[in-house]
Amino acid sequence: MSEVKIAAESRTEFGKGAARRIRRDSKVPGVLYGHGSDPIHLTLPGHELLLALRTPNVLIALDIDGKTNELAIPKSVQRDPIKGFLEHVDLQLVKRGETVSVEIPVQTEGELAAGGNLLEHVLNALPVEAEATHIPESVTVSVEGLTAGDSILAKDIPLPSGTKLGVDGETVVLQVLAAQAEEPTEGEGEGEEVSAEA
């Protein structure tokens, strides 16, 4: 997993007005916390942070005010619900060699058995424990030939070396459902006839 270096500034202004001013400057307010230390309020460059967050559980090397270097992973990201820009980010302080709990995306490969089966992602992300500087970006599971009624449990998913499951091994991650033909509900046919006449 690669580290992304980001220069951050500590901030002393708080509240909605201060946050709006920060965002007007194409920056993002954030908080760095962890290891029992006091939270550090930061201002981060918006574009660089946006690019970094494209990688799930990205490891961010923060250069704070050119004085302090800290490693962090994103824990909570708030986006504008309409425009999608970053509004705020919570970062968790980590140290090399430390084990952290994160969720990694589950990706699939292969084709289900023929017959119109549907694959349901019960979990889109798998909770795992991994060393902070070696968090896998994702896990890939083969669904080749699975049929309705089949499921893949957390314990069936191959994990990279040094990564442990953060959930019970019997937890269902993916399951295959039989496709159901939609039957017209009562009255649908009558409505169609009326519209045909009009």
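Residues numbered from 1 in each chain as written. Predicted model: local features only at pLDDT ≥ 70, side-chain atom pairs only at ≥ 80, totals over all residues. Heavy atoms only, no water.

Q: It is not clear to me how the overall build of the protein should be interpreted in this structure. Could you clarify?
A: Scanning the protein from N- to C-terminus turns up three helices and 13 strands. Contacts spanning at least 24 positions in sequence make up 62% of the contacts within the protein whose residues lie at least 6 apart. Carbon and sulfur atoms form 48% of the exposed surface of the protein, whose accessible area is close to 11900 Å². (Helix = DSSP H or I, 4+ residues; strand = E, 2+ residues; numbered from the N terminus. Contact = heavy atoms within 4.5 Å. Areas by Shrake-Rupley, 256 points an atom, 1.4 Å probe, with all protein chains shown as cover.)

Q: Would you explain the pairing of strand β4 (residues 59-64) in this entry?
A: As a general feature of sheets, a regular strand has side chains that alternate between the two faces. The buried count for β4 comes to five of six residues, which makes it a mostly enclosed element. Taken together, the six bridges between strand β1 (residues 3-10) and β4 define a ladder with parallel strand orientation. Bridge pairing links I6 to L62 in β4. One ladder, built from five bridges, connects β4 with strand β5 (residues 68-79); its direction is antiparallel. (Buried < 20%, exposed > 50% of the residue type's maximum accessible area, 1.4 Å probe, protein only. Pairing = 2+ DSSP bridges.)

Q: Even after reading the chapter, I still don't get the sheet that holds strand β7 (residues 99-109), so can you show me in this structure?
A: Remark on secondary structure: sheet strands pair via backbone hydrogen bonds, oriented parallel or antiparallel. On the basis of which strands lie adjacent, the open sheet formed by four strands has the order β10-β7-β9-β12 and mixed pairing. Bordering the open sheet on either side are β10 (139-142) and β12 (164-165), each of which pairs with just one other strand. Note: β7 against strand β9 (residues 125-131), seven bridges, orientation antiparallel. Counted as the bridge partner of P105 is A125 from β9.

Q: Before we go on, may I ask you to explain the pattern of salt bridges in this structure?
A: Pairing between side chains of opposite charge can happen when the charged atoms of each approach one another. Inspection of every chain in the model, using the stated rule, returns two salt bridges. Taking the shortest distance from any N to any O, the salt bridge between E9 and K27 comes out at 3.2 Å. Of the two residues, E9 is situated in strand β1 and K27 in strand β2 (residues 27-34); the sequence distance between them amounts to 18 residues. Classification of K27 as partly exposed rests on a relative accessible area of 28%. Ionic pairing is found between E170 and K155, a salt bridge with its closest N-O pair at 2.6 Å. Of this pair, E170 sits in the loop between β12 and β13 (172-177) while K155 sits in the loop between β11 (151-153) and β12; the two residues are 15 residues apart in sequence, bridging distant segments of the chain. (Salt bridge = Lys/Arg side-chain N within 4 Å of Asp/Glu carboxyl O.)

Q: Looking at this structure, how should I read the sheet that holds β5?
A: On the basis of which strands lie adjacent, the closed barrel formed by six strands has the order β1-β3-β2-β6-β5-β4 and mixed pairing. Recorded for the sheet is a direction-independent mean angle of 45 degrees between the axes of neighbouring strands. (Axes fitted to C-alpha atoms, helices over the stretch in contact; angles between N-to-C directions.)

Q: Explanation requested: the side chain of N117 in the structure shown.
A: Its location among the elements puts N117 in the loop between β7 and β8 (118-121). Sequence-distant contacts of N117, that is, excluding residues within four places in its chain, are made with L112, L146, T147, A148, V176, L177, A178 and A179.

Q: Can you help me understand the side chain of N57 in this one?
A: Along the chain, the position of N57 falls in the loop between α2 (46-52) and β4. You can call N57 buried: its relative accessible area is 12%. Within the structure, the side chain of N57 is placed 2.8 Å from the backbone oxygen of E103, a separation counted as a polar contact. (Polar contact = N/O pair within 3.5 Å; in protein donor to acceptor, adjacent residues only side chain to side chain.)

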